[in-house]
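# Per-entry structural report
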Amino acid sequence: EKGGHDHFMLKEIAEQPKAVADTLLGRIDASGRLTLDEVRIPAEVLREADKIVIVACGTAFHAGLIAKYAIEHWTRIPCEVELASEFRYRDPILGARTLVVAISQSGETMDTLMALRHAREQGAKVLAVCNTNGSTIPRESDAVLYTHAGPEIAVASTKAFLTQLVACYLLALYLGQVRGTKWGDEVRAVVRELARIGEEVERVLETMEPVRTLARSLADKDTILFLGRHVGHPVALEGALKLKELAYMHAEGFAAGELKHGPIALVEEDLPVVVVVPSPKGRSVLHDKIVSNIQEIRARGARTIVIAEEGDETVVPFADHLVRIPATPTLLQPLVATVPLQVFACELATARGNEVDQPRNLAKSVTVE
Ligand code: F6R
């Protein structure tokens, strides 16, 4: 049942190229137009939406944080992302023109469900991004965009996360298409790239042996930090969450720009710091900033683990360990950058003798608060 893998998590990591491809299947036509008719969101809701609010928990929340960059960039609709557990207990400003997007693998997470009920009571329309057919969250939503990851058994979410990203990109592009915003060459290039992103994920998976070796060498560490900028920031948060839940290590993700505002005080001799480096193309300011962040932490003794695009040579002198990922459009980078972090956490957990598929204190579906 684990398909020759030691753990469901490894099987599910390996299934990601297919999960991503399945989630795209039938949703982009030959001319690069998106067809999301099955979602059944009335076109006027999409055209008139003046705000998007994403609610989710845990890993799904990280997918939402990444989605915000894509939604705002491609559609120019303001987008907020909030933890469902916070959203439901405040007094959020919602109305008939607010589109709430509830992201949930299981479709049963109590806080997310309560958040969507709260949103609908205020007159907002709710779209679920969900992996489980017929579960409560899609049943109670106005529309649903299913992720086609297949069943996810391991408690730690991997393939569901990648497909949540794909679904959110599709939604953002579709919104842009319906509203006629930003439908230029850039978006066409993204659609083309999305169509082959499964192959890129496959290529990443083929190069993970050094990441495993590195993970094993860090098994006795107490703390590992993760840094990123732009969409690399939520990727850093996700890398840290995976490490907490699987390896039971102290792990934190930071926006690299925040280093000087506190976290840099944590850096000491031989502290492992994983840095997600944005593409050097197009976004060179962002890239330059992170390269100087790497230099700063390295000057203070950090052991830098740098995740950077193939061909990005500027980072080489500052990387104690270099993990290569394929070049992608900036907004899609999380689809390839997250994969090494999943493998890293899984291998560290194994090296520390932890139960990979069933981490202590956690449940796959959190149906209580
Ligand atoms: C982390 C993880 C959890 C879930 C969270 C939301 O690996 O699995 O953080 O992402 O409990 O669950 P769903 O997506 O089912 O609402």
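What counts and what doesn't
Residues numbered from 1 in each chain as written. Predicted model: local features only at pLDDT ≥ 70, side-chain atom pairs only at ≥ 80, totals over all residues. Heavy atoms only, no water. Salt bridge = Lys/Arg side-chain N within 4 Å of Asp/Glu carboxyl O. Helix = DSSP H or I, 4+ residues; strand = E, 2+ residues; numbered from the N terminus. Buried < 20%, exposed > 50% of the residue type's maximum accessible area, 1.4 Å probe, protein only. UniProt positions renumbered as here; feature names shortened; annotations may be inferred. Contact = heavy atoms within 4.5 Å. Polar contact = N/O pair within 3.5 Å; in protein donor to acceptor, adjacent residues only side chain to side chain. Phe/Tyr/Trp six-rings, centres within 6.5 Å; stacked < 30°, edge-to-face > 60°. Lys NZ or Arg CZ within 6 Å of the ring centre and 35° of its normal.

### A closer look at the pattern of salt bridges
Applying the stated criterion across every chain yields a total of 27 salt bridges. When the shortest N-O distance is used, the salt bridge between Lys 221 and Asp 270 registers 3.0 Å. Here the residue Lys 221 occupies a position in the loop between helix 11 (209–217) and strand 6 (223–228), and Asp 270 occupies one in the loop between strand 7 (250–255) and strand 8 (272–276), the gap between them amounting to 49 residues. Since its relative accessible area comes to 18%, Lys 221 is described here as buried.

### Focus on the UniProt feature "active site" (unreviewed entry) in the protein chain
UniProt feature "active site" (unreviewed entry): in the numbering of this structure it lies at Lys 364. Examined against the element boundaries, Lys 364 turns out to sit in the segment after helix 14 (333–351). Residue Lys 364 is classed as partly exposed on the basis of its relative accessible area, which comes to 27%. Every residue in contact with Lys 364, bar those within four places of it in the chain, is listed here: Gln 105, Glu 152, Ile 153, Ala 154, Val 155, Ala 156 and Ser 157. Of the polar contacts made by the side chain of Lys 364, one reaches the backbone oxygen of Ala 154; its length is 2.9 Å.

### What to know about the packing of aromatic side chains
The full count for this structure, using the stated rule, is one aromatic pair. For the cation-ring pair, Arg 360 lies above Tyr 248, with the distance from its terminal atom to the ring centre recorded as 3.9 Å.

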